[in-house]
Amino acid sequence: MPETAKDAAAPNAAGPGIGRGPGRLLLTLYGVFTVAALSRAIVQISMQFDQAPLAYLLSLLAGIVYAVITVALWRGGEGARKVALVSCALELAGVLTVGTLTLVDSGAFPDQTVWSDYGMGYLFLPVVVPVTGLLWLRRPARPQQDSGS
């Protein structure tokens, strides 16, 4: 059956995709991270921005990156896989950079970010999850099977 424009825009629900199987756990974790990081950043930026603007903007950036990954995992497909791969790599680079900076010069960060101390405030998940995501997303895509309807 030919694919319609509506079918092409819908999330990849048929067959294995990047947000299915073990990818569902990543999708769930990134969804929770998105809500947590964006909520925290919005509250901090709106109520106490002058206290630690860099830390709060970095938390906002983390939330945005998490949201991009969440949407890419949910959408599926090769384009989304590439977006998720790049986003996970950026996230890991951010966690490693900010984590190192918070240890080397803690005075530069008067308040914690999501990525401070390699995500210690989030049980180190901010450093573990992107590594897991990169491993998951680098596996070869499996071809979709026709359901035969």
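See above for the structure.
Anyway, here's the lowdown on the structure attached to this text.

## Quick look at the overall build of the protein chain
Secondary structure assignment for the protein chain yields five helices and zero strands. Along the protein chain, from the amino end to the carboxyl end, the secondary structure elements read α-α-α-α-α. Every one of the 149 residues in the protein chain was classed for burial, and the buried ones make up 36%. Sequence separation of at least 24 residues holds for 69% of the intrachain contacts in the protein chain that already meet a minimum separation of 6. Total accessible area computed for the protein chain in this model is approximately 8,600 Å², and 68% of it derives from carbon and sulfur atoms.

## Quick word on helix α4 (residues 78-104)
Over its 27 residues, α4 runs 39 Å from end to end, which matches the ideal 39 Å to within 8%, given 1.5 Å per residue. By the burial criterion, the buried members of α4 are A80, R81, A84, S87, C88, E91, L92, G94, V95, V98, G99 and T102. Of the surrounding elements, those touching the buried residues of α4 are α2 (23-48), α3 (53-75) and α5 (125-138).

Reading the values: the criteria
- Residues numbered from 1 in each chain as written.
- Predicted model: local features only at pLDDT ≥ 70, side-chain atom pairs only at ≥ 80, totals over all residues.
- Heavy atoms only, no water.
- Helix = DSSP H or I, 4+ residues; strand = E, 2+ residues; numbered from the N terminus.
- Buried < 20%, exposed > 50% of the residue type's maximum accessible area, 1.4 Å probe, protein only.
- Contact = heavy atoms within 4.5 Å.
- Areas by Shrake-Rupley, 256 points an atom, 1.4 Å probe, with all protein chains shown as cover.
- Expected span 1.5 Å × (residues − 1).

All quantities given are derived from atomic positions and should not be read as evidence of function.
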